[in-house]
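In case you want the letters, here they are:
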Amino acid sequence: MPKLTVDGIEVEVPAGATVLQACEAAGKEIPRFCYHERLSIAGNCRMCLVEVKPGPPKPQASCALPAADNQEIRTDSEMVKKAREGVMEFLLINHPLDCPICDQGGECDLQDQSIAYGRGNSRFAENKRAVTEKYMGPIVKTVMTRCIQCTRCVRFAEEVAGVEEIGAIYRGENMQITSYLERAVTSELSGNVVDLCPVGALTSKPYAFEARPWELKKTPSIDVMDAVGTNVRLDSRGRQVLRALPRINDDVNEEWASDKTRHAVDGLVRRRLDKPYVRRDGRLMEATWGEAFQMIADVKAGASVAAIAGDLVDCETMFAARALVGGMGSDLLEGRQTGLDYDCTNLAAVNFNSTIAGIETADALLIVGSNVRWEAPLVNTRIRKAVKKGAKVFAIGPEVDLTYPVTWLGNDLSLLGNLPQEVKDTFAKAQRPALILGGGGLKAGAQGATLALVGPLGLIREGWNGYNVLHMAASRMGGLMLGYAQPGGIAAVAAKAPKLVFLLGADEVSDDRFAGSFKVYVGHHGDRGAAQADVILPAAAYTEKSGTYVNLEGRVQRGDRAVFPPGDAREDWAIFRALSDVLGHTLPFDTLDALRVAMAAAVPALGEQGLAAYDWAPPALDAAASGTIGYPIADFYLTNPIARASATMERCSAELIHGHSFAEAAE
Amino acid sequence: MADAAHIPDEAETRARWGDFAWSEVNEARAKEIIGRYPPGRQHSAIMPLLDLAQRQVGAETNTQGWLPVPVIEFVAKQIDMPYIRAFEVATFYTMYNLAPVGRYHVQVCGTTPCMLRGSDDVLSACYKKGLKKGHTTPDGLFTLTEVECLGACANAPMVQINDDNYEDLTFETTTAVLEALARGETPKAGPQIDRQTSCPEGGPSTLKEMVAENHDYRGEWA
């Protein structure tokens, strides 16, 4: 624990901390470009220079200097001021003065720091060097003349994303950052380099020239593109969400977000349902809310009613639907649209128990039927961290590139009953062994076999539960807590042939599943669910309602409303409240707050943000498993109706998954 | 880099070099080079391997050799290195040619010491022989590049032609070297005047007494 003084303030920092961190601990702001908390230290921008005693009589780069006992740091001396001005002047020598047409303007580190630490003018009268644009794929727009070679993007690609495709070529003044041969970067996390770039060299291609940061309304929200529950900030102007950026939450997404999280938002203004529709003579026709409600009432379903929750819905929606269905006398609720029927009697047995942050500390991992990279990209980066710390990863399933070394055992579930000796040995030695069961494994029926491994592999120890199920739907854990799971799954619901079925944004239900039922689609996009509906009630997307979501580790999180739903669309819970009147089973809440109180009364864990506690009491299931695994996600970029409506995701899919090439028009 | 040579189109180099593989001799040498580094550190072999590959390309095309992208990828694959990392190395060091060069790659040093000692004459000798900066002569014999200091300032001006330095040049000696190369001869490398490496011209100029015996200068210091 070195003790040192910064500008006369005494601070004590943990061993291994840098001088820069010590300065921050003392409350001093150190300007920096290349240094980033979550990346390795490069020390090449020289902006963080400070004066250090004892040491040579010259400024030192604080980001790369270990803090030591009895150091005296000055961040306010004449030497430091001059050093910063000098570095800033050099950085600006080749940086174009194009802030007025630069998308980074207003949120640019270089702008801010040149105002705070730079000289007022430049002495450089010569020509600036220019660098040609580099193609980096459908997400990242480049203006490389603006690049200051901090190499954050290079380090991010190598260290976090695990795709070594960005590098710095040539040298000295001619150094250029580029993707390999200017091909698209094949990472589902490539959008993060836009946030990392301290200047306007890498900007967001879909968001190019859309808005200035100061015009945007910023709303904290929770992402629904996967079950990770990425904390996002929705930037909106008027009625449109223009971009989604990650918020820092070290327990969930650190400060990253997947490309789908960031860029599917343009799908929120396309293919939207903004009016109620009813099916007359086989065709969907526009209708009023009253007509639509009356048609539903005319079904006279009695107690023969079911609700199927989609992947993106919030807990409030599911609770309102549950209250209505329950009021009508039915308990047919299901959220696993594609037909999964794993046992949900114990929520801990279907939870990501080691937590997202905790999986980083695992030292032996067995992945059963999960393409983690696509099912939960931000869990994958955590596993990658664990691997870097020395964890060994084994996997059962078709081989895919997970960005870290994996020992593929084969694609046969019977391996679970007969694990190779190497796996047993590794797990026997491990302190924090973990197993991850993904959607492919659940579908293939590996739940019993993996639960049977909990004992032999020693997954549960003091303060550690290494049994993890990796869900892919944002609504899944919330749905399971609200009882959206029938023994036998959706097939059992269909077998009861309910007269009336509510599809809560459920777009993955095959259309012959409820062939004889009257289907009411309550959702926001004209996708597969709406196409098969008899009545469509336009509802709000995740950006348009305040909602509670439970992520795959059972973390209850709440997001706020950024914009209003388009046209006649209403928030989902309000639709059910209004419909309940018409059906004669009036729901006992008139406001969202009242609904939340009722929900907290029914499921107390949903009333409190943070990790929900589940008691570990796994069901006794048949441990036999055999057969092959297929991954459920065929196309990472097109997994839900919002993404399918997004032009950006369409382009990503075509280019990165299907290999179409998009020649850039010469500018 | 206005005078940089144009790197051939990717499709073209892929068609020509896509099936690059080590020759039998180089296969063994590559293995030996990789063997120099401890297990897990094979990436360190990238520089000698790229050099070896460039020489093999040179041998196959009867030039000094260059590194087409497929060849860089071949080398990177052999040591399990991401392509971009190998590409970074190949673009960083100037001794790797990223574009085809001629039989002789004439690198004329134009940095201050050489310039003061007459590198302009050396360059004009090259121009006179039909060489043009950044270009290969039509007969495929010479490629001219002006480079920065090559570290032989004591023998300025100098040129580096493939693996040899030719030093202490004048207009005439440069012409002579180029003509000899054109004839297929190998001119004597090193200083082109009567001088051994960087020793003083015409014998020692200082500490002359030391030539014959271990002279004690201390008494002469004022």
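Only a predicted model underlies this, so the values are computations on that prediction, with no experimental measurement involved.

Would you explain the confidence of the model for chain B in this entry?
Do not read the predicted coordinates in detail wherever pLDDT is low. Here chain B averages 91 in pLDDT, while 97% of its residues score no lower than 70. Reported for the predicted complex are a pTM of 0.91 and an ipTM of 0.88.

I keep staring at the environment of F124(A) and nothing clicks. Help me out?
Locating F124(A) in the fold gives a position in the loop between α3 (109–117) and β6 (140–142). You can call F124(A) exposed: it has 12 C-beta atoms within 10 Å.

Quick question: what am I supposed to make of the nonpolar core here?
Among soluble globular proteins, nonpolar side chains are generally buried collectively. Formed by 235 residues in total, the largest nonpolar core has its most connected members in C153(A), I308(A), L365(A), L435(A), L503(A), L504(A) and V520(A). Ranked by residues supplied to this core, first place goes to helix α8 (residues 315–327) of chain A with eight residues. I308(A) has contacts with E334(A), Q337(A), I490(A), V501(A), F502(A), L503(A), L504(A), A506(A) and V509(A), leaving out every residue within four places of it along the chain. Residues V106(B), V122(B), L144(B) and L169(B) belong to the second largest nonpolar core, which totals 22 residues.

What am I meant to see in the interface of chain A and chain B here?
Many authors give the size of an interface as the accessible area that is lost as the parts come together. Each side of the interface is counted separately: chain A has eleven residues, and chain B has eleven residues. By residue class, the composition of the side of chain A that touches chain B is six nonpolar, two polar and three charged.

Quick question: what am I supposed to make of the UniProt feature "domain: 4Fe-4S His(Cys)3-ligated-type" (unreviewed entry) in chain A here?
UniProt annotation of "domain: 4Fe-4S His(Cys)3-ligated-type" (unreviewed entry) refers to residues 79–118 of chain A when read in the numbering used here. Secondary structure over residues 79–118 of chain A splits into 60% helix and 0% strand, and the C-alpha atoms at its two ends are 14 Å apart.

Quick question: what am I supposed to make of the domain arrangement of chain A here?
Residue and element names in this part refer to chain A. What the domain assignment reports for chain A is domain 1 (3–93), domain 2 (97–209), domain 3 (277–342 + 475–611) and domain 4 (353–469). If you average the C-alpha positions of domain 1 and of domain 2, the two centres end up 24 Å apart. At the interface, 18 residues of domain 1 touch 20 residues of domain 2. The residue makeup of the side of domain 1 that touches domain 2, split by class, is eleven nonpolar, three polar and four charged.

Explain the domain arrangement of chain B here, please?
Domains assigned within chain B are domain 1 (11–92) and domain 2 (104–191). Between domain 1 of chain B and domain 2 of chain B, the C-alpha centre-to-centre distance is 28 Å.

Looking at this structure, I do not really get the pairing of strand β27 (residues 547–550) of chain A. What am I missing?
Two faces, one strand: in a regular strand the side chains alternate between the faces of the sheet. Residues and elements named next belong to chain A. Here β27 shows a buried face lined by G547 and Y549 and a second buried face lined by T548 and V550. Pairing between β27 and strand β28 (residues 555–559): four bridges, direction antiparallel. Counterpart to T548 in the pairing with β28 is R558.

I would appreciate a short explanation of the UniProt feature "domain: 4Fe-4S Mo/W bis-MGD-type" (unreviewed entry) in chain A in the present structure.
Within this numbering scheme, the UniProt entry marks residues 216–272 of chain A as carrying the feature "domain: 4Fe-4S Mo/W bis-MGD-type" (unreviewed entry). Regarding residues 216–272 of chain A, the helix share stands at 9% and the strand share at 35%, and the terminal C-alpha atoms are separated by 22 Å.

Is there a simple way to think about the UniProt feature "binding site: [2Fe-2S] cluster" (unreviewed entry) in chain B in this case?
All names here are of chain B. In the numbering used here, UniProt assigns the "binding site: [2Fe-2S] cluster" (unreviewed entry) feature to C109, C114, C149 and C153. These annotated residues cover 45 residues of sequence, and their C-alpha atoms all fall within 9.5 Å of one another, placing them together at a single site. Positionally, C149 belongs in the loop between β2 (142–147) and β3 (159–161). Once residues lying within four places of it in the same chain are set aside, the contact partners of C149 are C109 and T111. Relative to the helices and strands, C153 resides in the loop between β2 and β3.

Where do I start with the sheet that holds strand β12 (residues 240–246) of chain A in this structure?
Think of a sheet as strands paired side by side through backbone hydrogen bonds, with each pair either parallel or antiparallel. Residue and element names in this part refer to chain A. Taken in spatial order, the three strands of this open sheet run β10-β11-β12, and their pairing is antiparallel. The strands lining the two open edges of the sheet, one partner per strand, are β10 (217–222) and β12. Each neighbouring strand pair of the sheet contributes to a mean axis angle of 30°, computed without reference to strand direction. Where β10 and strand β11 (residues 231–237) come together, six bridges link them in antiparallel fashion. Among the inter-strand pairings, K218 is bridged to a residue of β11, identified as D235.

Just to check I follow, could you spell out helix α10 (residues 377–388) of chain A for this structure?
Quick reminder: α-helices carry 3.6 residues per turn. Residues three or four places apart thus point the same way. All names here are of chain A. For α10, which comprises twelve residues, the first-to-last C-alpha distance of 17 Å matches the rise-based estimate of 16 Å (1.5 Å per residue) to within 8%. Turning to α10, its buried residues are P377, L378, V379, N380, T381, R382, I383, R384, K385, A386 and V387. Tucked inside the fold, the buried residues of α10 contact α4 (152–161), β17 (364–368), α9 (372–375) and β18 (392–396). Phi for G390, located one or two positions after α10, is positive at around 115°.

Just to check I follow, could you spell out the sheet that holds strand β23 (residues 467–469) of chain A for this structure?
All names here are of chain A. Pairing in this open sheet of five strands is parallel, and the strands run β19-β18-β17-β20-β23 from one edge to the other. The two strands at the open ends of the sheet, each matched to only one other strand, are β19 (407–410) and β23. This sheet shows a mean twist of 20° between the axes of neighbouring strands, independent of strand direction. Here β17 pairs with β18 via five bridges, running parallel. By the bridge assignment, L365 is partnered in β18 with V393. Here helix α11 (residues 421–429) sits on the sheet and contacts β17, β18 and β20 (433–437); the angle it forms with β17, its principal contact strand, is near 135°.

Cut-off values and rules
Residues numbered from 1 in each chain as written. Chains lettered and ligands numbered in written order. Predicted model: local features only at pLDDT ≥ 70, side-chain atom pairs only at ≥ 80, totals over all residues. pLDDT = per-residue confidence, 0-100. Helix = DSSP H or I, 4+ residues; strand = E, 2+ residues; numbered from the N terminus. Buried ≥ 20, exposed ≤ 12 C-beta atoms within 10 Å, placed from the backbone. Core = buried A, V, L, I, M, F, W, Y, C linked by C-beta atoms within 7 Å. Contact = placed C-beta atoms within 7 Å. Nonpolar A, V, L, I, M, F, W, Y, C, P; charged D, E, K, R; others polar. UniProt positions renumbered as here; feature names shortened; annotations may be inferred. Domains from an automatic or database assignment. Pairing = 2+ DSSP bridges. Axes fitted to C-alpha atoms, helices over the stretch in contact; angles between N-to-C directions. Expected span 1.5 Å × (residues − 1).

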